[in-house]
Amino acid sequence: MNRMPSQRVAQILVRAAAPSPPGERHPRVAAVEGFFVRQRDRLVWVHGAMFSLFLCVLFVPLALPEPPENATPFSHFTTFASYGLWGLWFPLVFLSVIFTGRSWCGLLCPMGAASESLNQRGLQRPIPRWLRWEGTPVVSFLFITILGQTVGVRDHPEAVAEVFGGTLLAAMLIGFLYGRNKRAWCRHMCPIGLLLGVFSRIGAVQLVPKRKKLCGDHYTEKGVCPTMIDIPRKVESRHCIECFRCVNPKAKGGLYLRARRPGAEIEAIRDHHANPAEVWFMFLGAGAALGGFLWLVLPAYQALRQRVGEWFIERKWFWIGETGPSWLMSVHPERREVFNWLDFFMIVGFMLACMLLLAAVLAVTTALAAWISGCIGGDRSFSQRFVELGYQYTPVAMMSLILGLGGELFETLSYLGLGAYIGTAKGLVFLLGLVWSVYLGERILARQGAAPRRRWLPLLPGTAGSVLVGLAWWPAIFGVQRDAGNILF
Ligand code: SF4
Ligand code: SF4
């Protein structure tokens, strides 16, 4: 087998992914870096303003009368707060990582800033092992995603106050207890930190060491970095919240800001600490988020719920029809939505089932791609090829999440009189995610050394996985309109 062409491709890719020295950057990138370094000390005012705004969005609607049915974001604050959270904040934060990485975390997020601020006045205990466990942010993500659904976080201001207010309290508590001038919460426990971290790998900017130490990424609580990155050994974007604390344009060490081609880190993922826990989180998290939307829109879910309810009633287990505590499930008779234990267990079970099913499908397609890649010249072990190829789903997972859970963003078009183009806009974003995922799959295979003429073979299962993710989100993105009201068993 002639492997020279693929080796040459790999060398070219390595060169493309390698950081250029600070002097060779575009002057505008250097100017942006200079701006944020100069304004670093003023960020505290931005954080203060964001914290006040966040508190208003969470708690002011609790004191206001119910918005009328025809209320718009411009006519009632409660509707404005809901639109701000789900129509702007959620999709725009995820979209922003493509252009600016985790700039939301470092520059604007009130939760991370509050956690760090309390840390400076807190007990500063060493970060415990249970918090450093790689599964902690996965558990945190699943817990918040599922709780959000059972209490109806997208529909009720009380649920918004509970879920976001509770998360803010937890962030502050962890900050108060653990780490020394660190953000243990952001690195280890934020429910969306890991998601933003995975997606930031496709971002168009990164901070890279001026003087690099080899031997890969390393965790340290000693340095200046609030998310425990060992600065000279930084090779991946996911934990960097772009706080610019390690950047000093005049110093010989530290990091510097660099623009790159979006997706470049994933194309060369083996050089950027490819991580099995991250890939499994992406598989599981995408499925859980999908389940959280599908139960609202699928008629089949209602039919299944009815059958399960009848099964309980036949056995005279009437408690299943009783209402549980309002901190655990949606109890809002005034808005014609009252969940009972059947709803609670059905929603939790359905989301977990979707999570396991989608993760299993993606695991099978990725395993097939990794196996075929090995058969046609792909290097390294099966599990290393599996992990690398798992990253190909990043764009399609991200676009599906933005379209499915942040669909209100597209409703903005109707405020501008462009409602007829909503479907087209969603379709284009979805197509972009799909094509990008296939492209990344091809690049990863090239880097593995899979023979160019037969590379389409392992690309097939990867593409099938991306298409399946898209198809699974189809009803949520383009299909049935959601109607969560009137659920009374
Ligand atoms: S990791 Fe979470 S809490 Fe921390 S800054 Fe990012 S979004 Fe905010
Ligand atoms: S690597 Fe630098 S910019 Fe990134 S989070 Fe750490 S200190 Fe902030």
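This text follows the structure it describes.
Residues numbered from 1 in each chain as written. Chains lettered and ligands numbered in written order. Predicted model: local features only at pLDDT ≥ 70, side-chain atom pairs only at ≥ 80, totals over all residues. Heavy atoms only, no water.

(A) Broad picture of the overall build of the protein. A count of helices and strands for the protein gives 20 helices and four strands. A globule of 489 residues ought to have a C-alpha radius of gyration of about 23 Å, and the protein, at 23 Å, matches this closely. Expressed along its principal axes, the backbone C-alpha trace of the protein runs to roughly 70 × 55 × 50 Å. Looking at the 489 residues of the protein, the share that counts as buried comes to 55%. Put simply, the protein shows about 22200 Å² of open surface, and 67% of that area lies on carbon and sulfur atoms. Within the protein, the 31 negative side-chain charges are centred at a point lying 13 Å from the centre of the 49 positive side-chain charges. (Helix = DSSP H or I, 4+ residues; strand = E, 2+ residues; numbered from the N terminus. Rg over C-alpha atoms; globule rule 2.2 N^0.38 Å. Buried < 20%, exposed > 50% of the residue type's maximum accessible area, 1.4 Å probe, protein only. Areas by Shrake-Rupley, 256 points an atom, 1.4 Å probe, with all protein chains shown as cover. Lys, Arg positive; Asp, Glu negative; His and termini not counted. Charge placed at Lys NZ, Arg CZ, Asp CG, Glu CD.)

(B) Structural view of the site of ligand 2. Residues in contact with ligand 2 amount to 13 residues; listed here are only the nearest, Cys225, Cys240, Ile241, Cys243 and Cys246. Across the shell around ligand 2, the residue classes break down as eleven nonpolar, one polar and one charged. (Near = heavy atom within 4 Å. Nonpolar A, V, L, I, M, F, W, Y, C, P; charged D, E, K, R; others polar.)

(C) Fine view of the nonpolar core. Core analysis: the biggest nonpolar cluster contains 114 residues, and Phe164 and Trp473 have the highest contact counts within it. Those residues within four positions of tryptophan 473 in sequence are excluded, and the remaining contacts are Ala286, Ala289, Leu290, Phe293, Ser400, Leu401, Gly404 and Leu405. Grouped together as the second largest cluster of nonpolar side chains are 13 residues, Cys225, Phe244, Cys246 and Leu257 included. (Core = buried A, V, L, I, M, F, W, Y, C linked by side-chain atoms within 4.5 Å. Contact = heavy atoms within 4.5 Å.)

(D) Main features of the packing of aromatic side chains. Across all of its chains, the model carries 30 aromatic pairs by this definition. Centroid distance phenylalanine 312 to tryptophan 319: 5.9 Å. Interplanar angle 80°. Geometry classified as edge-to-face. For phenylalanine 312, a relative accessible area of 15% translates into the label buried. A network of ring pairs unites the aromatic residues Phe54, Trp86, Trp89, Phe90, Phe94, Trp104, Phe164 and Phe199 as a single cluster. (Phe/Tyr/Trp six-rings, centres within 6.5 Å; stacked < 30°, edge-to-face > 60°.)

(E) Broad picture of the pattern of salt bridges. Under the counting rule described, the total for this entry stands at 22 salt bridges. Notably, a salt bridge pairs aspartate 343 with arginine 305, separated by 2.6 Å at the nearest N-O pair. Of the two residues, aspartate 343 is situated in helix H15 (residues 341-375) and arginine 305 in helix H14 (residues 299-314); the sequence distance between them amounts to 38 residues. Summarising the burial analysis for this pair, aspartate 343 and arginine 305 share the class buried. Between glutamate 442 and arginine 443 there is a salt bridge whose closest N-O contact spans 2.8 Å. A relative accessible area of 16% places arginine 443 in the buried class. A cluster of three or more residues bridged by salt bridges with shared partners is formed by Arg201, Glu236, Arg238, Arg260, Glu265 and Glu278. (Salt bridge = Lys/Arg side-chain N within 4 Å of Asp/Glu carboxyl O.)

(F) Up close: the pairing of strand E2 (residues 255-259). In terms of residue burial, E2 counts as a mostly covered element, since four of its five residues are buried. When strand E1 (residues 205-209) meets E2, the two strands line up antiparallel, connected through five bridges. Note on E2: the bridge partner recorded for glutamine 206 is arginine 258. (Pairing = 2+ DSSP bridges.)

(G) Broad picture of the site of ligand 1. Neighbouring ligand 1 are the residues Arg102, Trp104, Cys105, Cys109, Met111, Gly112, Arg183, Trp185, Cys186, Cys190, Ile192 and Gly193. Split into classes, the residues belonging to the shell around ligand 1 amount to eight nonpolar, two polar and two charged.

(H) Spotlight on the environment of glutamate 158. With respect to the secondary-structure elements, glutamate 158 resides in helix H9 (residues 157-177). Taking the C-alpha atoms as reference points, glutamate 158 and leucine 214, 56 residues apart in sequence, are found 50 Å from one another. Sequence-distant contacts of glutamate 158, that is, excluding residues within four places in its chain, are made with Leu62, His332 and Arg335. At 3.1 Å, the side chain of glutamate 158 forms a polar contact with the side chain of arginine 335. (Polar contact = N/O pair within 3.5 Å; in protein donor to acceptor, adjacent residues only side chain to side chain.)

(I) Quick peek at H14. Helix length check: H14 (16 residues) gives 23 Å between terminal C-alpha atoms against 22 Å at 1.5 Å per residue, within 8%. Residues Tyr301, Arg305, Gly309 and Phe312 constitute the buried set of H14. On an axial view of H14, the arc spanned by its buried residues comes to 70°, and they lie on one face. Exposed and oriented more than 90 degrees from the buried face of H14 are Pro299, Ala300, Arg307 and Glu314. Here the buried face of H14 lies against helix H13 (276-297) and H15. Lysine 316, located one to two residues past H14, shows a positive phi value of around 60°. (Expected span 1.5 Å × (residues − 1). Arc of directions from axis to C-beta.)

(J) Region of interest: helix H3 (residues 43-63). The first and last C-alpha atoms of H3 sit 30 Å apart over 21 residues, in line with the 30 Å expected at 1.5 Å per residue. If you look at H3, its biggest bend is around 35°, right at valine 57, and the proline proline 61 turns up within four residues after that. Within the sequence span of H3, burial applies to Leu43, His47, Met50, Phe54, Val57, Leu58 and Pro61. In this fold, the buried residues of H3 make contact with helix H2 (27-39), helix H4 (77-100), helix H5 (103-108), helix H6 (110-121) and H9. (Bend = angle between axes of the 7 residues up to and from the residue.)

(K) Representation of a nonpolar patch on the surface in the model. Among the surface-exposed residues, Phe74, Tyr415, Leu416, Leu418 and Tyr421 lie close enough to one another that they form a single nonpolar patch of about 610 Å² accessible area. Relative to the assigned elements, leucine 416 resides in the loop between helix H18 (408-415) and helix H19 (422-448). (Patch = residues over 30% accessible without salt bridge, like charges linked within 9 Å, V, L, I, M, F, W, Y side chains within 5 Å.)

(L) Molecular detail of the packing of H13 against helix H17 (residues 394-405). Where H13 contacts H17, the two axes come as close as 11 Å, and the packing angle between them is 20°. With respect to H17, the element H13 is oriented roughly parallel. Viewed along their axes, H13 and H17 form a crossing whose handedness is left-handed. Counted together, Met282, Ala289 and Phe293 of H13 and Thr394, Leu401, Gly404 and Leu405 of H17 form the full contact between these two elements. Its residues assigned to classes, the contact of H13 with H17 shows five nonpolar, two polar and no charged. (Axes fitted to C-alpha atoms, helices over the stretch in contact; angles between N-to-C directions. Parallel < 35°, antiparallel > 145°, perpendicular 65-115°, else oblique. Left-handed = near helix turned anticlockwise from the far one by under 90°.)

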